[in-house]
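# Remarks on the overall topology
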Amino acid sequence: MILHFGNFQEALSSLAGASKSAIAMKLIVGLGNPEPRYDGTRHNIGFAILDALAQELGVAFQSGKGDYLLAKAHYAGIDVLLQKPLTYMNLSGRAVRQAMQFYKVSVSDVLVVCDDLNLPLGAVRLRPKGSAGGQNGLRNIITELGREDFARLRFGIGNPPHKGAAANYVLSPFRADELPIVQEAIAHCVKACLCFVEHGIQLAMTRFNRKEPASL
């Protein structure tokens, strides 16, 4: 069989186009509550990390095709969607499902960023899947998607001072003496998110998981 040069070029172009279209779009979701009164609270650290990530990528949030704000970016040759649900924490799954369906994002290309009061302040834990672990936003996402095999980044917000005080604690702002730790950890998480986009969850875990905050 003789393959003419022109046909050979067409074949290469076709393969290149197929390879390009096979590059997955990443969706990074930050969990929080939408009203301004929740800005700066522990429960809204997911929003804070997404805001820092958007700033790093030079993009801005706009109304999305559902109950969420969305920013579109491009990093390391990959299209990236940054999402902040407007459904309140306990109903976050609806917005995540809407974005995944509209933009045809696979569950393996989703990273959810949220707070975790079972981790020390500034600790970071990335996982490829798992249970909600008491985080209501994660619980609702699992319910809406019907699966729990999506990556998540948990940001340690510290433990409440008294048992039974978790509800008020997560909605409280960080103390002034905690802010340097929080700001350093947010920057750490931005790098972790970008690593996830470029290299996947396994390498992000290896490089960015930590059980305590960095020494300042």
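Residues numbered from 1 in each chain as written. Predicted model: local features only at pLDDT ≥ 70, side-chain atom pairs only at ≥ 80, totals over all residues. Heavy atoms only, no water.

### Brief notes about the pattern of salt bridges
Let me state the cut-off plainly: Any carboxyl oxygen of Asp or Glu that lies within 4 Å of a side-chain nitrogen of Lys or Arg is treated as forming a salt bridge with it. Strands here mean DSSP runs of E at least two residues long; helices mean DSSP runs of H or I at least four residues long; both are numbered from the N terminus. Summary of the burial criterion: residues with accessible area below 20% of their type's maximum are buried, those above 50% are exposed, and those between are partly exposed, where the area comes from a 1.4 Å probe applied to protein chains only.
Summed over the entire model, instances satisfying the criterion amount to 11 salt bridges. Linking Arg 42 and Glu 178 is a salt bridge whose minimum nitrogen-to-oxygen distance equals 2.8 Å. Here the residue Arg 42 occupies a position in the loop between β1 (26-30) and α2 (45-57), and Glu 178 occupies one in the loop between α5 (166-170) and α6 (179-199), the gap between them amounting to 136 residues. For Glu 178, a relative accessible area of 7% corresponds to the buried category. Between Arg 175 and Asp 177 there is a salt bridge; the shortest N-O distance is 3.0 Å.

### Considerations on α6
Applied cut-off: Take the residue count of a helix, subtract one, and multiply by 1.5 Å to get its expected span.
Relative to the 30 Å expected for 21 residues at 1.5 Å per residue, α6 spans 30 Å between its end C-alpha atoms, a close match to the ideal helical length. The complete set of buried residues in α6 reads Val 182, Ala 185, Ile 186, His 188, Cys 189, Val 190, Ala 192, Cys 193, Leu 194, Cys 195, Phe 196 and Val 197. Once α6 ends, the next one or two residues include Gly 200, with phi positive near 100°.

### Some words on the packing of aromatic side chains
Quick reminder of the rule: Working definition: rings of Phe, Tyr and Trp (its six-membered ring) pair if their centres are within 6.5 Å, and the pair is stacked with planes under 30 degrees apart, edge-to-face with planes over 60 apart, and tilted otherwise. Criterion for a charge above a ring: Lys NZ or Arg CZ within 6 Å of the ring centre, and within 35 degrees of the ring normal.
The final tally for this structure, using the stated rule, is 1 aromatic pair. The interplanar angle of 75° and the centroid separation of 4.9 Å between the aromatic rings of Phe 102 and Tyr 103 together place this pair among those described as edge-to-face. Since its relative accessible area comes to 45%, Phe 102 is described here as partly exposed. Judged by its relative accessible area of 16%, Tyr 103 falls in the buried class. Between Lys 84 and the ring centre of Phe 47, over which it is positioned, the NZ or CZ distance is 5.4 Å. One residue, Lys 84, lies across the ring of Phe 61, its end atom 4.5 Å from the ring centre.

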